[in-house]
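# Observations on the three-dimensional arrangement
Residue strings, one per chain:
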Amino acid sequence: MNIRAITQIIEGIKTTDGAGVNLTRIIGSSELNMLDPFLLLDEFGSDNPDDYIAGFPPHPHRGFETITYMLNGKWQHKDSAGNEGKLGEGSVQWMTAGRGIIHSEMPIQTDGLARGFQLWLNLPKEKKMIEPSYQDIDAGQIPIVKEMSGTVKVISGNYNDTMGPGESHTPVLILDIQMNENSELVIPVENGWNAFGFVYEGEVRSGKTISKGQLAVFEKDGNTHFETTEKPTGIYFVAGEPLNEPVARGGPFVMNTRGEILQAFTDYQNGVLDK
Ligand code: MN
């Protein structure tokens, strides 16, 4: 069995987004612009409300999906189409922007810990202008596979014949892996898919050591092998089939050409982005 080596380890950059939410941009910065089909990964995590209370007031998106996974805290989203949903501990909100949506993502809590991830998954060219949609996935809907080495929550995709509830438009695998100390785990991944693991707790070895707060990018072929030492470890593990299509980015819009980005800004200014 071929085991993927790590090709890159990055820590992301501290930045601010929305109305002043402090977060770490791990994918989508100069360190790692994208990992096809993943356009962006943010980690937010603070028990200081000043870091998150301003939230993300109404803003537009077009051409991709945002997948928000909460480890701790309570948030809600609302959009211009009248959809509303709540995010709690261990839940997922999967927003397909398609041709356009204007939504807000705001904390409900006024204190305490808010922690989680937002991942941007690109849409293939032929699906960029589909109807927008939401999947609100409660923590209880996410299967938890018990292993000798810990637990694997299957958010989307197929992990050893357990299917996650998140429905994507191209094949992906999204897992929250919690490993016990001194244990080993192999994650089967399709050959040719891009894969990364972000260590949000503890420390894990996979040829090299990945420490808390680090993201490892893996080779494109083989399975992934993780080995812990004395620390229980949490890994946000994501893999997906690359689209291999041109990517044009313009703030909250991700299309295939510069012209399509300019059109998105025009549509937004004219109030027809989500019409
Ligand atoms: Mn958003």
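A brief structural summary. (Residues numbered from 1 in each chain as written. Predicted model: local features only at pLDDT ≥ 70, side-chain atom pairs only at ≥ 80, totals over all residues. Heavy atoms only, no water.)

### Topic: the sheet that holds strand S18 (residues 184–187)
- Spatially, 4 strands are ordered S18-S23-S20-S21 in an open sheet, and the strand pairing comes out antiparallel. Looking at which strands have only one partner, the edges of the open sheet turn out to be S18 and strand S21 (208–211). Pairs of neighbouring strands in the sheet enclose a mean axial angle of 30°, with direction left out of account.
- Taken together, the 4 bridges between strand S20 (residues 203–206) and S21 define a ladder with antiparallel strand orientation. Following the sheet pairing, valine 204 is matched in S21 by isoleucine 210. (Pairing = 2+ DSSP bridges. Helix = DSSP H or I, 4+ residues; strand = E, 2+ residues; numbered from the N terminus. Axes fitted to C-alpha atoms, helices over the stretch in contact; angles between N-to-C directions.)

### Let's talk about the side chain of threonine 170
- Within the element layout of this structure, threonine 170 appears in the loop between strand S16 (162–163) and strand S17 (172–179).
- Of the residues examined, threonine 170 reaches a relative accessible area of 10% and is grouped as buried.
- With residues near it in sequence (within four places) discarded, threonine 170 still touches Leu121, Pro124 and Leu243. (Buried < 20%, exposed > 50% of the residue type's maximum accessible area, 1.4 Å probe, protein only. Contact = heavy atoms within 4.5 Å.)

### Notes on the environment of leucine 121
- By the secondary structure assignment, leucine 121 is in strand S11 (residues 114–122).
- Relative accessible area serves as the criterion here: at 0%, leucine 121 is assigned to the buried category.
- For the pair leucine 121 and tryptophan 94, spaced 27 residues apart in sequence, the C-alpha to C-alpha distance is 10.0 Å.
- If near-sequence neighbours (up to four positions away) are discounted, leucine 121 is found in contact with Pro37, Phe38, Leu39, Phe64, Glu65, Ile67, Trp94, Ser168, Thr170 and Val172.

### Describing the pairing of strand S22 (residues 215–218)
- In S22, alternate side chains face the same way, and those of Leu215 and Val217 on one face and Ala216 and Phe218 on the other are all buried.
- With 4 bridges connecting them, strand S1 (residues 6–10) and S22 associate as antiparallel partners. Across the sheet, the residue bridging to isoleucine 6 is phenylalanine 218, located in S22.
- As defined by bridge partners, strand S19 (residues 194–201) adjoins S22 across 3 bridges and the pair is classed as antiparallel. Residue glycine 197 lies in a different strand from S22, and its bridge partner there is alanine 216.

### Describing the packing of aromatic side chains
- Per the stated rule, a full pass over the model turns up 14 aromatic pairs.
- Considering the side-chain rings of phenylalanine 44 and tryptophan 75, the 5.8 Å spacing of their centres and the 45° angle between planes classify their relative orientation as tilted. Here phenylalanine 44 is found in strand S4 (residues 38–46), whereas its partner tryptophan 75 is found in strand S7 (residues 75–79), with 31 residues between them in sequence.
- An aromatic cluster of at least three residues, connected via ring pairs, comprises Tyr69, Phe117, Phe198, Tyr200 and Tyr236. (Phe/Tyr/Trp six-rings, centres within 6.5 Å; stacked < 30°, edge-to-face > 60°.)

### Considering the pattern of salt bridges
- Taken as a whole, this structure holds 8 salt bridges when the rule is applied.
- For glutamate 201, the salt bridge goes to arginine 115, with nearest N and O atoms at 3.1 Å. Within this pair, whereas glutamate 201 is found in strand S19, its partner arginine 115 is found in strand S11, the two being separated by 86 residues in sequence.
- Since its relative accessible area comes to 32%, glutamate 201 is described here as partly exposed.
- In this structure, glutamate 201 and lysine 212 form a salt bridge, with 3.0 Å as the shortest nitrogen-oxygen distance. (Salt bridge = Lys/Arg side-chain N within 4 Å of Asp/Glu carboxyl O.)

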